[in-house]
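Coordinates in review
What follows is each chain in one-letter form.
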Amino acid sequence: MDIVIRLLYVFLGLFIVLNWGLLMSAIMRKIGARVAGRYGIPYYQPWIDLIKLYSLRDSITHGVMFYLGPVFRVSGGVGIFLFMPLIFGSSYFSNFSFAGDLVLIMYFQFFGMLGMALGAGEGGHPYSAIGISRGLSQFTTIEVPMTLAVISIAVQYHTLSISEIVAAQQGGIMNWTLFTNPFATAAAMLSLLGAFGHSPFNLVKAPNEIPIGPPTEYHSAFLGVLRTNAAILHVIEAVLFMNLFFGGAGNWFELIIKSFFIYFWSVFVGVVFPRFRIEQSVQWFLKIPLLFGVIAIIIFM
Amino acid sequence: MINENNNSENLNKFLHKENEIRNVETPDGSIIQVDPLNDYFCTDRPEVKEPKNKVIEKFLNWARAESLWVLGFGTGCGSIEIPPLVTPRFDAYRFGVQMRPTPRQSNVFIISGYLAVKTLKRVIRTYEQMQGPKYVLALGSCTINGGMYWDSYNTINRLDHYIPVDVYVAGCMPRPEALLAGFNKLKERIKDGRAEGANEYAEKFDWYKSNQKKIVKDWNMPDYNW
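Residues numbered from 1 in each chain as written. Chains lettered and ligands numbered in written order. Predicted model: local features only at pLDDT ≥ 70, side-chain atom pairs only at ≥ 80, totals over all residues.

1. What to know about the overall build of chain A
Along the backbone of chain A there are twelve helices and zero strands. What you see in chain A, going N to C, is helices and strands ordered as α-α-α-α-α-α-α-α-α-α-α-α. Its C-alpha radius of gyration of 19 Å places chain A within 12% of the 19 Å reference for a compact globule of 301 residues. When the backbone C-alpha atoms are referred to their principal axes, chain A occupies close to 55 × 50 × 40 Å. If you take every contact in chain A between residues at least 6 apart in sequence, the share linking residues at least 24 apart comes to 79%. (Helix = DSSP H or I, 4+ residues; strand = E, 2+ residues; numbered from the N terminus. Rg over C-alpha atoms; globule rule 2.2 N^0.38 Å. Contact = placed C-beta atoms within 7 Å.)

Next comes the structure, spelled out in structure tokens:
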């Protein structure tokens, strides 16, 4: 296929994913508000917030890394998007997926975090530093069960290509990894709770504790870039889990339904459970999720 | 420095220990001198940033009006009216009013009631750290003329001598309904393009600074705080 047409479809996919991510964040806050007995923000509020953030007249800077932090973050998010096959069997919405894209995506997940750590560190606010140290230590422990689950799947399907993993799960719900490899799914879905950073594991932004963590000094267009990236990243991480464990999606409708439920698995857990401390969080990931991950590896070795 | 004579004397008298000029050893072993007040803070004056294209600005002003991020900073007794405002009874989130924990990200500063001299200093620093266009909502009669603290030794009487105010909400204290009405008034002003407080502050910067320094005797911070 011509590269120009391919790029156009990538941008179309990015546009859809961005808007779906913004709508999901609005729905999430709406649910939080309904739980608290409020009506909450209008559904279109995230778009207005973005327009406002990009249109502020002042934006001070703390140095070069302060500029590059959001850039790294957004290149991490868009990087994951570029190599993620969105719709199974569609040559238009497979983006630039290739034989080893799973490894690259695992790397890109950490890339944004590191860039953000450098940028927010230059902001100089103490809460940023606390948030960064928490975020990096938590994410390092999340990676352990998640990587074990991914290795287990790679061993199970004899491939590191996401498209082939999705292809192997076709032909009925019982072919999903959820049923063929339940331990890997459990390990990954538990570590997903930490990756999305909702309530039990929201130590990085920690509202009312270290308000609001690493982006404390970020404002105007910087914050706009971070929010755009958050919208993309939430959808695309849900799509990653959908592809690996829930049989992928044959069309956009299926993608939206599945990514909604995967994302809201972490939201609903977050509504129920209060926040961990950082040492509790780290220990939690190194107990049951790690055990599930090891079992998943042993079964398929 | 704007007001040399006032500053040099006061700075020496009230300077905090962490802001004193001192020698620091760098990781590679050399000794450098650090002057926190000049090194760690921006020394540029604020600039007037005029709105450019009328049509685009109208659209952007609509977005700014519908997305008011309020700084969580209560200065007086009026800050007790803020919790009911964002909880189920009044639920200001419906109108695009959201709370932010940091001045960098907020656009609306609610001065909630009387302003002690000690708090004025923090208000100035915080206001200057906010990114424009920024708006100030003043609650209660205390911010208009001093109210029941009119002859107090430790509060200011008129807020708009120290920072530009967009909307006053009168009362002692105004109820959350009145505050919501104030937000609506602020939205109207922003949509009309009349809420240019940040530019006004930049234009009359010297006047504001001299007023502030008349009140804050122990001025031991940099002149500019952004």
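After presenting the structure, the write-up continues.
2. Some points on the overall build of chain B
The helix and strand tally for chain B stands at nine helices and seven strands. Taken over 226 residues, chain B has a buried fraction of 38%. Taking as baseline every contact in chain B between residues at least 6 positions apart, the subset at least 24 positions apart corresponds to 80%. (Buried ≥ 20, exposed ≤ 12 C-beta atoms within 10 Å, placed from the backbone.)

3. Focus: the pairing of strand β3 (residues 68-71) of chain B
All names here are of chain B. With burial as the criterion, each face of β3 is covered, one bearing Leu-68 and Val-70 and the other bearing Trp-69 and Leu-71. Sheet analysis places β3 next to strand β4 (residues 97-100), joined by four bridges and oriented parallel. Within β4, the residue paired with Leu-71 across the bridge is Arg-100. (Pairing = 2+ DSSP bridges.)

4. Brief notes about the interface of chain B and chain A
Interface size is commonly expressed as the accessible surface area that is lost when the partners come together. Counting residues at the interface gives 20 residues for chain B, matched by 26 residues for chain A. Here the side of chain B that touches chain A is built from residues that sort into eight nonpolar, six polar and six charged. (Nonpolar A, V, L, I, M, F, W, Y, C, P; charged D, E, K, R; others polar.)

5. A word on unusual backbone geometry
A cis geometry characterises the amide bond from Gly132(B) onward to Pro133(B), with omega recorded as -5°. With respect to the element layout, Pro133(B) can be found in the loop between α5 (117-129) and β6 (135-139). Between Cys172(B) and Met173(B) the backbone carries a cis peptide bond, its omega angle lying at -15°. With respect to the helices and strands, Met173(B) occurs in the loop between β7 (167-169) and α7 (176-192). At Ala206(A), a residue that is not glycine, the phi angle is positive and equals roughly 35°.

6. What about the nonpolar core?
Of all hydrophobic cores here, the largest spans 62 residues; its most connected members are Met84(A), Ala149(A), Ala187(A), Ala188(A), Ile236(A), Val239(A) and Phe241(A). By residue number, the principal contributor to this core is helix α9 (residues 220-245) of chain A, which donates twelve residues. One finds Ala65(B), Ile110(B), Ile156(B) and Val167(B) within the second-largest nonpolar core, a separate group that totals 47 residues. (Core = buried A, V, L, I, M, F, W, Y, C linked by C-beta atoms within 7 Å.)

7. Quick look at the packing of helix α8 (residues 182-196) of chain A against α9(A)
All names here are of chain A. Packing of α8 against α9 brings their axes to within 11 Å, and their N-to-C directions diverge by 180°. When the axis of α8 is compared with that of α9, the two are roughly antiparallel. The residues of α9 that touch α8, namely those facing Thr-185, Ala-188, Leu-192, Ala-195 and Phe-196, are His-234, Glu-237, Phe-241 and Phe-245. Looking at the contact of α8 with α9 residue by residue, the classes come out as six nonpolar, two polar and one charged. (Axes fitted to C-alpha atoms, helices over the stretch in contact; angles between N-to-C directions. Parallel < 35°, antiparallel > 145°, perpendicular 65-115°, else oblique.)

8. Describing the confidence of the model for chain A
Counting all residues, the mean pLDDT for chain A is 89, and 100% of those residues have values of 70 or more. Per-element mean pLDDT across chain A ranges from 85 in helix α4 (residues 101-123) of chain A up to 93 in helix α2 (residues 45-54) of chain A. (pLDDT = per-residue confidence, 0-100.)

9. Here we look at the environment of Pro46(A)
Residue and element names in this part refer to chain A. Structurally, the position occupied by Pro-46 is in helix α2. Considered as a pair, Pro-46 and Phe-253 are 207 residues apart in the sequence and their alpha carbons are 22 Å apart. Those residues in contact with Pro-46, other than ones at most four positions away along the chain, are Leu-22, Ser-25 and Ala-26.

10. Here's the deal with α7(B)
Residue and element names in this part refer to chain B. In this model, α7 (17 residues) spans 24 Å end to end at C-alpha, consistent with the 24 Å of a helix rising 1.5 Å per residue. When we look at burial in α7, the residues that qualify are Leu-179, Gly-182, Phe-183, Leu-186, Lys-187 and Ile-190. Seen along its axis, α7 keeps its buried residues to an arc of 145°; they face one direction. Across from the buried face of α7, at angles greater than 90 degrees, the exposed residues are Glu-177 and Asp-192. The secondary structure elements touched by the buried residues of α7 are α3 (54-66), β3, α4 (82-86), β4, β6 and β7. Looking one or two residues beyond α7, the residue adopting positive phi is Gly-193, at roughly 80°. (Expected span 1.5 Å × (residues − 1). Arc of directions from axis to C-beta.)

11. A look at the environment of Val165(B)
Residues and elements named next belong to chain B. Tracing the backbone through its elements, the reader meets Val-165 in the loop between α6 (140-145) and β7. For Val-165 and Asn-107, which are 58 residues apart along the polypeptide, the C-alpha to C-alpha distance reads 13 Å. Leaving out residues up to four positions away in the same chain, Val-165 has contacts with Val-136, Ala-138, Leu-159 and Asp-160.

12. With respect to the pairing of strand β5 (residues 108-112) of chain B
Residues and elements named next belong to chain B. Most of β5 sits inside the fold, with five of its five residues counted as buried. With burial as the criterion, each face of β5 is covered, one bearing Val-108, Ile-110 and Ser-112 and the other bearing Phe-109 and Ile-111. Two strands pair when backbone bridges link them, and β5 and β6 are joined in this way by five bridges, in the parallel orientation. Its bridge partner being in β6, Ser-112 is matched across the sheet by Leu-139. Taken together, β5, α5 and β6 form a β-α-β motif whose crossover is right-handed. (Right-handed = clockwise from strand over helix to strand, strands pointing away.)

13. A look at the confidence of the model for chain B
Residues and elements named next belong to chain B. Scored by pLDDT, chain B comes out at a mean of 86, with 94% of its residues at no less than 70. Here residues 1-5 is a poorly scored stretch, pLDDT under 50, and it has eight contacts once near neighbours within four places are set aside; other chains count. Scoring of the predicted complex yields 0.88 for pTM and 0.85 for ipTM.

14. Some thoughts on the packing of α8(A) against helix α12 (residues 288-300) of chain A
Residues and elements named next belong to chain A. Two numbers describe how α8 lies on α12: the axes approach to 8 Å, and their chain directions differ by 150°. Viewed along their axes, α8 and α12 adopt a mutual orientation that is roughly antiparallel. For the pair α8 and α12, the sense of crossing is left-handed. The residues of α12 that touch α8, namely those facing Phe-183, Ala-184, Ala-186, Ala-187, Leu-190 and Ser-191, are Ile-288, Pro-289, Phe-292, Gly-293, Ile-295, Ala-296 and Ile-299. (Left-handed = near helix turned anticlockwise from the far one by under 90°.)

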